[in-house]
Amino acid sequence: MISPTSSKAEMVTQGKVHVDSTEVVEERNSGGLGCFGWILVVISLVFIAATFPVTIFMCVKIVQEYERAVIFRLGRIVDRKPKGPGLFFVLPCTDNFVKVDLRTVSFDIPPQEILTKDSVTVSVDGVVYFRIECPISSVANVSNAHSSTRLLAQTTLRNVLGTKNLAELLSDREGISLGMQESLDEATNAWGIKVERVEIKDVKLPQQLQRAMAAEAEASREARAKLISAEGEMKASRALKEASLIIAESPSALQLRYLQTLNSIAAEKNSTIIFPLPIDILQNFMQKK
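Report follows, based on the coordinates.

A contiguous patch of negative charge, built from Asp 118, Glu 168, Asp 172 and Glu 174, is present on the exposed surface. Structurally, the position occupied by Glu 168 is in helix α6 (residues 166-171).

Okay, the nonpolar core next. Generally speaking, a soluble globular protein has its nonpolar side chains buried in company with each other. Core analysis: the biggest nonpolar cluster contains 25 residues, and Val 122, Val 124, Val 128 and Leu 161 have the highest contact counts within it. When residues of this core are traced back to their parent elements, those giving at least two are β6 (105-115), β7 (121-132), α5 (145-161), α6, α7 (173-187) and β8 (193-204). Each residue touching Val 124, except ones within four places of it in the same chain, is listed here: Pro 110, Pro 111, Gln 112, Ile 114, Leu 157, Leu 161, Leu 169, Ile 200, Asp 202 and Val 203.

With that settled, consider the pattern of salt bridges. Here the structure, examined in full by the defined rule, presents seven salt bridges. One salt bridge connects Arg 73 with Asp 95, and the closest N-O pair in it is separated by 2.9 Å. A residue pair is termed long-range when its members are at least 10 positions apart, and Arg 73 in strand β2 (residues 67-73) and Asp 95 in strand β5 (residues 95-101) qualify at 22 residues. Classification of Asp 95 as buried rests on a relative accessible area of 12%. Where Glu 196 meets Arg 131, a salt bridge forms, and the shortest distance between an N and an O atom there is 2.6 Å. Within this pair, whereas Glu 196 is found in strand β8, its partner Arg 131 is found in strand β7, the two being separated by 65 residues in sequence.

Procedures and definitions
- Residues numbered from 1 in each chain as written.
- Predicted model: local features only at pLDDT ≥ 70, side-chain atom pairs only at ≥ 80, totals over all residues.
- Heavy atoms only, no water.
- Patch = residues over 30% accessible without salt bridge, like charges linked within 9 Å, V, L, I, M, F, W, Y side chains within 5 Å.
- Areas by Shrake-Rupley, 256 points an atom, 1.4 Å probe, with all protein chains shown as cover.
- Salt bridge = Lys/Arg side-chain N within 4 Å of Asp/Glu carboxyl O.
- Lys, Arg positive; Asp, Glu negative; His and termini not counted.
- Charge placed at Lys NZ, Arg CZ, Asp CG, Glu CD.
- Helix = DSSP H or I, 4+ residues; strand = E, 2+ residues; numbered from the N terminus.
- Core = buried A, V, L, I, M, F, W, Y, C linked by side-chain atoms within 4.5 Å.
- Buried < 20%, exposed > 50% of the residue type's maximum accessible area, 1.4 Å probe, protein only.
- Contact = heavy atoms within 4.5 Å.

Dropping the structure here:
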């Protein structure tokens, strides 16, 4: 007896096998040139053999170490892989090829006027570093990989920064750059492009907002300075209170402090020395009167 779950699993498996086999057949059929195509290839080979000394310069091509060549034979990619580096052979009548540079390319993102999440308008620019990872995908899946990546970087910058506050934009540039890199890399993967690095260069604020932020920062610094000064005065008053209590316990300590003050004044070579008059003496005279 066959359970319904096993029958469903078999149906799904058969469906997958059918889809996979269909894709394999379509891939094999897409790779063939057909009867007429092979006839043209044979004619091209005969032409090359007939004019061998001359056509050898038309058939042999060279690509550099950092380049790859994607060859199209009668409109189809040959061997589904790029050629190079070094020498490779093409048929002059049926083949054409496209050179692809694999080196890292950098470009500047033009300044973008962006409205942040907290409704502040800022102007942001950046720089993107990318390279072509799959030459066939960069040629067959997109008409101009470099231009498409530039346009996508501009829209990605606007979309990502539109979800951030101004404080996050100013303080978390590294996290924003990493998020942009992941988003761009995922979007350009089908084009055979690898985004290596994204950096935010400059964030320009309106002049009015800059003045407001400067005034806020100055007020904050002044408030902190007043708090520090008040704390210092409070600590000084506590120290003076403790000192007065100690001096009150020992009257001779006040006389020693008085002599120490005279010594410090004399050390500065002043011509005038002020002698304090004890208030207790005046009180005695006032009581007699």
